[in-house]
Amino acid sequence: EMTGSIPSEIFRLTQLETIVLKNNNLVGSISTDIGSMINLKSLSFSLTKLDGSIPSEIGLLTKLTLLNLAMNNFVGTIPSDLARLTNIKQRTGKSLQNRGIVGPVDDSLCEVFSVIRICPHVEDCNCCFNPDGFHC
C-alpha cells in the first residue's frame, strides 16, 4: 500500500504504458506533468484520496484505452480536453465518478464516454448519456 503524494519522478517516465495506483492512500493532486506521458495506455488512480482538479493535460494522453479516476476527492469540472481520448475502450463512464465534480459536462465528452455520472450518491446531478439515452 502506497501513502503520501504521487512522486514527481513518475511523470518523467515518458515510455511507461500503464500506471495502476488504485486502492492506495495517495494524497494531493495529479501533476500537470502527466501530459508528458504520451505513451500511456492505461491510467488508474481509483479509490485513492487524491484531490484538486482533474488536469486537462490528461487529454494529451491520446493512446489511453482505459482511464479510471473514480472515487477520489476531485473537485471542479471534467476538462473538455478529455474528449480527445477517443481510444478509451472502457466506456462505462464510472471511470470519472467523484462527489466533488460539478457540471456542466461538455457535450464532446458524451461522444467519448457513453455515460458520465458526475456524483454517484446524489440524485440531482449533472450527467450526460449517449444518443440512445437522454441528456440532462
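All residue numbers refer to position in the chain's written sequence, counted from 1. Predicted model: local features are reported for residues with pLDDT of at least 70 only, side-chain atom pairs are reported and counted for 80 or more only, and whole-chain, interface and lining totals are derived from all residues. Hydrogens are left out, water is left out, and the side-chain values use all remaining heavy atoms of the structure.

1. Overview of unusual backbone geometry
- The phi dihedral of Asn-23 falls on the positive side, at around 60°, and the residue is not glycine.
- Numbering goes from the N terminus for both helices and strands, where a helix is a DSSP run of H or I of at least four residues and a strand is a run of E of at least two. Along the chain, the position of Asn-23 falls in the loop between β2 (18–20) and β3 (25–26).
- Its relative accessible area of 47% is what places Asn-23 among the partly exposed residues.
- With a phi angle near 55°, Leu-47 is a residue other than glycine that sits in the positive phi range. The cut-offs for exposure are 20% and 50% of the maximum accessible area for each residue type, with area from a 1.4 Å probe on protein chains only; residues under the lower value are buried, those over the upper are exposed, and the others partly exposed.

2. Considering the sheet that holds strand β6 (residues 66–68)
- Between any two strands, pairing holds if DSSP finds at least two bridges. Ordered in space as β2-β4-β6, the three strands form an open sheet in which the pairing is parallel. Looking at strand neighbours, the two that pair on one side only are β2 and β6, the edges of this open sheet. Across the sheet, the mean angle separating the axes of adjacent strands is 10° when strand polarity is ignored.
- As paired strands, β2 and strand β4 (residues 42–44) are joined by three bridges and run parallel to one another. Its bridge partner being in β4, Val-20 is matched across the sheet by Ser-44. Working convention: axes come from line fits to C-alpha atoms, limited for helices to the stretch in contact. Angles between N-to-C directions cover 0 to 180 degrees.

3. As for the pairing of strand β7 (residues 73–76)
- Taken together, the two bridges between strand β5 (residues 51–52) and β7 define a ladder with parallel strand orientation. From the neighbouring strand, Asp-51 faces β7, where its bridge partner is Asn-73.
- Relative to strand β8 (residues 100–101), β7 runs parallel, the two sharing two bridges. Within β8, the residue paired with Val-75 across the bridge is Gly-100.

4. Thoughts on the sheet that holds β8
- Pairing is parallel in the open sheet, where three strands are placed in the order β5-β7-β8. A strand with exactly one partner marks an edge of an open sheet, and here the two such strands are β5 and β8.

5. Digging into the side chain of Asn-24
- As for its position among the elements, Asn-24 is in the loop between β2 and β3.
- When its relative accessible area of 10% is taken as the criterion, Asn-24 is described as buried.
- A polar contact is formed between the side chain of Asn-24 and the backbone oxygen of Leu-21, at a distance of 3.0 Å.
- Side-chain polar atoms of Asn-24 contact the backbone oxygen of Lys-22, separated by 3.0 Å. Side-chain atoms alone can form a polar contact between residues adjacent in sequence; in general such a contact is a pair of N or O atoms within 3.5 Å, and within protein one must be able to donate a hydrogen while the other accepts it.

6. Remarks on the confidence of the model for the protein
- The predicted model of the protein averages 79 in pLDDT, with 71% of residues at 70 or higher.
- The pLDDT score gives, residue by residue, the confidence of the prediction method on a 0 to 100 scale. Note on contacts: a residue pair qualifies if any of its non-hydrogen atoms lie within 4.5 Å across the two residues. Taken together, the stretch residues 120–126 has pLDDT below 50 and engages in twelve contacts with residues farther than four places along the chain or on a different chain.
- Below a pLDDT of 50 lies the segment residues 129–136, which in the model reaches twelve contacts outside its immediate sequence neighbourhood of four places, other chains included.

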